[in-house]
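# Working through the structure, step by step
This is what each chain is made of:
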Amino acid sequence: MTSDATTTIPLTVKGACPHDCPDTCAWQVTAQGGRATAITASREHPITRGTLCGKVNHFLDRVYTDERLLYPLRRTGPKGSGEFERVTWETALSEISQGLRERVEQHGGETVLPFNYMGAQGLLQGQVSGSRFFRALGATELIRSVCAGTGSAGVAQAIGTNTGIMPEEIRHARFIVLWGTNTIVTNVHLWPLIREAKEQGATVVVIDPATTRTAKAADWHVQPLPGTDTVLAMAMMHVIMRDGLHDADYLDNHASGVTDFVAALDDYSPARAADVCGVSAEEIERLAHAYAAAGPACIRLLVGMEHRALGAETYRTIAYLPVVTGAWRHRGGGLLYLTAGPHWEAMNAGPLWGDDLGAGPVRTVNMIQIGRALTDAAMSPPVTALMVYGANPAVTMPNQALTLEGLARDDLFTVVQEQFMTDTARYADYVLPATTQVEHLDLLWSWGHDYIALNQPAIEPVGEAVSTTELLRSLARAMGMGHPALFLTDDEMLDIALDSDVLRRQRITRERLEKEGWARLETAAGSTPFASGGFPTDDGRCALVAPQPQHPLDRTDRDDAWPLHLITAKGSLHFLNSSYAHVPWHRHAEKDLTVAIHPDDAASRAIVDGAAVEVVNERGSVAALASLGGVRRGVVALPSGWPRDSGGASVNVLTPDGLSDAGGGGDFHDAWVEVRSAS
Ligand SMILES: Nc1nc2c(c(=O)[nH]1)N[C@H]1C(S)=C(S)[C@@H](COP(=O)(O)OP(=O)(O)OC[C@H]3O[C@@H](n4cnc5c(=O)[nH]c(N)nc54)[C@H](O)[C@@H]3O)O[C@H]1N2
Ligand SMILES: Nc1nc2c(c(=O)[nH]1)N[C@H]1C(S)=C(S)[C@@H](COP(=O)(O)OP(=O)(O)OC[C@H]3O[C@@H](n4cnc5c(=O)[nH]c(N)nc54)[C@H](O)[C@@H]3O)O[C@H]1N2
Ligand code: SF4
Ligand SMILES: [Mo]
């Protein structure tokens, strides 16, 4: 039930945050007279614990801001100009279906490229919303790997899965390594659990080239050069083996390749690693000893380190540490990484993907290389139709100039469904208004904890917005497509998703979720998943494989013109990737785009704090204000997610669009730049 204009009695429904964030908070929304009036965090949810975050506390501003798109729009000016006119839904659907049909008739279904990511993370509105429609059309399939693909592949190479322990277990750890993750900014609700561990005596170490808010709050900040973590992890294991701090019995029973691996560790003395990583040999020794000796040790990995050419190798190597020390034996020990596994095992999502709807295998395009796909003249068939929903590739994908070149093609038919006029939407032929989380039904899985949640709509769609599922049903109808699976209602989809033995066994039903909002998924492995039973690899063992001998910074093909290593991590408290950049007070709160630069690097370029600078490389240039400090020498950092503001460029103009070594992720953190005074 939703509140409509005739209802005067306040209605409160349970829901959950839609964002691409590990915390997947539970909330309740109050509505009266058809308008949402309050949104509050669930107090009972064991991760949310009564707080949302700086991005979402004012979610209703996002719903009701004047910047919101409320009607279908048709382009009137050149692509990118943002000039549109309002049209009716009837006109939009008829012209879009005709546009798609013409192109499919001429080139075949693969000429259509759907581009969707986690703008809405939920199963119904995000993950499976378009898959049946695009499969039935025979469209090109998008490889959606920009986030966590590489790290997952690396960790799974080691232990057969990307699921380690669950976040609440971190309370039991006595040594916590936040390795390349900025918890206080990106994973807000993990921090109180870490604080609880600290109150019990845990030491918190952050390993990050940047002095993040999290690094400042930690007991110990280890600051390696970017891209050198593999060498750092190997050197730690060198010390651990050399000094007999390993768990020989655990290695005997749970690992393979031990002898060769131990021999390879010889090359990773702390002295050599110090040269590569820019961390002293003494600090590496101290870190290795503390990690191996200090009770249950938990390494928290997330996404920040993976966006590199050898990102998977880094995650794989780090995942060996708790195997070598046997940290997995202890409650709170091991790795805390992604938690999506138990959710996908529990939900009956299979039928919703519509694997049986297509005529057979179709070609794929990796989302990271959307610019290449849209500009590659040799591609057959060419991409002539693009439909973007739940993503803003003009800002968030690397090699922005190439993406924009593709989006600007006059012969590309582009439809964008959005809540806001994003940089991507500016290039669309048609922009269609999307509902927000308080206006649609969804089932929320989580990559940061093991609580599944139901999001119930509190109000009717604002303006003429429609949910993504509704849009694709309408489009299927307008195109005369006939398969019944294309017309499943949201309610039917939800019932299918919840129709699973795993959920039934755990008594997680729709009725329960409607009443309680969320439920914990029991994971078979419990709190010490790999204490004794083996890993989910082919032989139950973790195969130890030494990294390739040449480390990434040995590269000789780098251009000296770009001496500074550029990190473009999240960093903005009030944005979620590029989301919220269109909500005035969020933008106001973020003030200006700043580039962090070490005072020595600034001084040698005669750059003072607050100066207007250009961050430049062979791909383009970004205007920013210099902020002295916050990174180690040789490194600069710009926050990702900032929009182009019609005409300018944002950080991804500087980033490369190569792929990482496994898992389909990108190498966009392997960027090199110069910083110059703007005057
Ligand atoms: N406020 C806010 N929260 C968010 C998001 C947001 O945009 N804003 N985005 C959400 C999403 S989609 C994701 S995936 C998560 C990501 O969550 P995180 O993985 O925590 O975030 P990142 O900012 O991508 O990267 C974390 C850190 O990795 C460091 N790093 C980069 N390269 C290296 C390296 O080579 N070695 C080491 N040791 N560290 C390195 C960066 O300096 C950065 O501080 O955050 C989510 N939460
Ligand atoms: N340089 C650099 N680039 C990066 C990163 C980085 O750290 N550095 N991080 C990468 C990572 S980890 C990620 S996850 C990606 C994120 O890349 P994107 O998924 O493109 O992220 P957002 O900018 O949040 O775009 C989501 C869009 O979906 C819209 N949206 C929200 N809900 C709905 C809905 O229900 N329906 C529809 N139709 N639209 C909706 C929002 O308004 C928003 O514009 O960026 C990646 N890009
Ligand atoms: S963005 Fe993350 S921390 Fe903020 S409310 Fe949503 S799930 Fe919670
Ligand atoms: Mo992400």
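Just above sits the structure.
These notes cover the structure that comes with them. (Residues numbered from 1 in each chain as written. Chains lettered and ligands numbered in written order. Predicted model: local features only at pLDDT ≥ 70, side-chain atom pairs only at ≥ 80, totals over all residues. Heavy atoms only, no water.)

## Let's talk about the sheet that holds strand β27 (residues 671-677)
Spatially, the six strands close up into a barrel ordered β22-β26-β23-β25-β24-β27, and their pairing is mixed. The average undirected angle you get between the axes of adjacent strands in this sheet is 45°. (Pairing = 2+ DSSP bridges. Helix = DSSP H or I, 4+ residues; strand = E, 2+ residues; numbered from the N terminus. Axes fitted to C-alpha atoms, helices over the stretch in contact; angles between N-to-C directions.)

## Re helix α12 (residues 270-277)
Of the residues making up α12, those classed as buried are P270, A273, A274, V276 and C277. Turning to α12, the residues buried within the fold contact α9 (229-242) and α13 (281-293). Following α12 by one or two positions, G278 adopts a phi angle in the positive range, close to 70°. (Buried < 20%, exposed > 50% of the residue type's maximum accessible area, 1.4 Å probe, protein only. Contact = heavy atoms within 4.5 Å.)

## With respect to the packing of aromatic side chains
Inspection of the entire model under this criterion finds 14 aromatic pairs. Centre to centre, the rings of F134 and Y389 are 6.2 Å apart; their planes meet at 15°, and the pair counts as stacked. Note that F134 is positioned in helix α4 (residues 131-137) and Y389 in strand β15 (residues 385-389), a separation of 255 residues in sequence. The same class applies to F134 as to Y389, namely buried. Ring pairing ties together the aromatic residues F133, F134 and Y389, which thus form one cluster. (Phe/Tyr/Trp six-rings, centres within 6.5 Å; stacked < 30°, edge-to-face > 60°.)

## A short note on the nonpolar core
Ranked by internal contacts, the top residues of the largest apolar core, which has 137 residues, are W179, Y291, L301 and L443. In terms of residue count, α9 provides more of this core than any other element does, ten residues in total. Each of domain 1 (73-147 + 343-436 + 465-487) and domain 2 (149-337) gives at least three residues to this core. Here L443 is in contact with G122, L123, L124, M347, I452, A453, L454, L494, A497, L498 and L513, once residues within four sequence places are set aside. With 49 residues, the next largest nonpolar core counts C25, L52, Y580 and A626 among its residues. (Core = buried A, V, L, I, M, F, W, Y, C linked by side-chain atoms within 4.5 Å. Domains from an automatic or database assignment.)

## Details of the pairing of strand β12 (residues 297-301)
Counting buried positions over the five residues of β12 gives five, a clear majority of the element. Residue alternation in β12 divides its side chains into two sets, A297, I299 and L301 and C298 and R300, and both sets are buried. Inspection of the sheet shows strand β8 (residues 175-179) paired to β12 by five bridges, in the parallel sense. Bridge pairing links I176 to C298 in β12. Bridge count for β12 against strand β13 (residues 334-336) is three bridges, and the pairing is parallel. Each residue of the ladder has a partner; that of I299, found in β13, is L335.

## Side note on the site of ligand 1
Around ligand 1 there are 33 residues in total, and T181, D208, G227, D229 and N577 lie nearest to it. Residue G180 places a main-chain N or O atom 3.2 Å away from an oxygen atom belonging to ligand 1. Side-chain polar atom of T186 to an oxygen atom of ligand 1: 2.8 Å apart, as the coordinates give it. Look at ligand 1: alone it shows 910 Å² of surface, and the protein chains cover 98% of it. (Near = heavy atom within 4 Å. Polar contact = N/O pair within 3.5 Å; in protein donor to acceptor, adjacent residues only side chain to side chain. Areas by Shrake-Rupley, 256 points an atom, 1.4 Å probe, with all protein chains shown as cover.)

## Quick notes on the site of ligand 2
Close to ligand 2 lie 31 residues, the nearest being T396, E418, T568, S578 and S579. The separation between an oxygen atom of ligand 2 and a polar side-chain atom of E418 is 2.5 Å. Bound to the protein, ligand 2 loses 97% of the 920 Å² it would expose on its own. Residues belonging to the shell around ligand 2 are distributed by class as follows: eleven nonpolar, 16 polar and four charged. The two domains that each donate at least three residues to the shell around ligand 2 are domain 1 (73-147 + 343-436 + 465-487) and domain 3 (554-677). (Nonpolar A, V, L, I, M, F, W, Y, C, P; charged D, E, K, R; others polar.)

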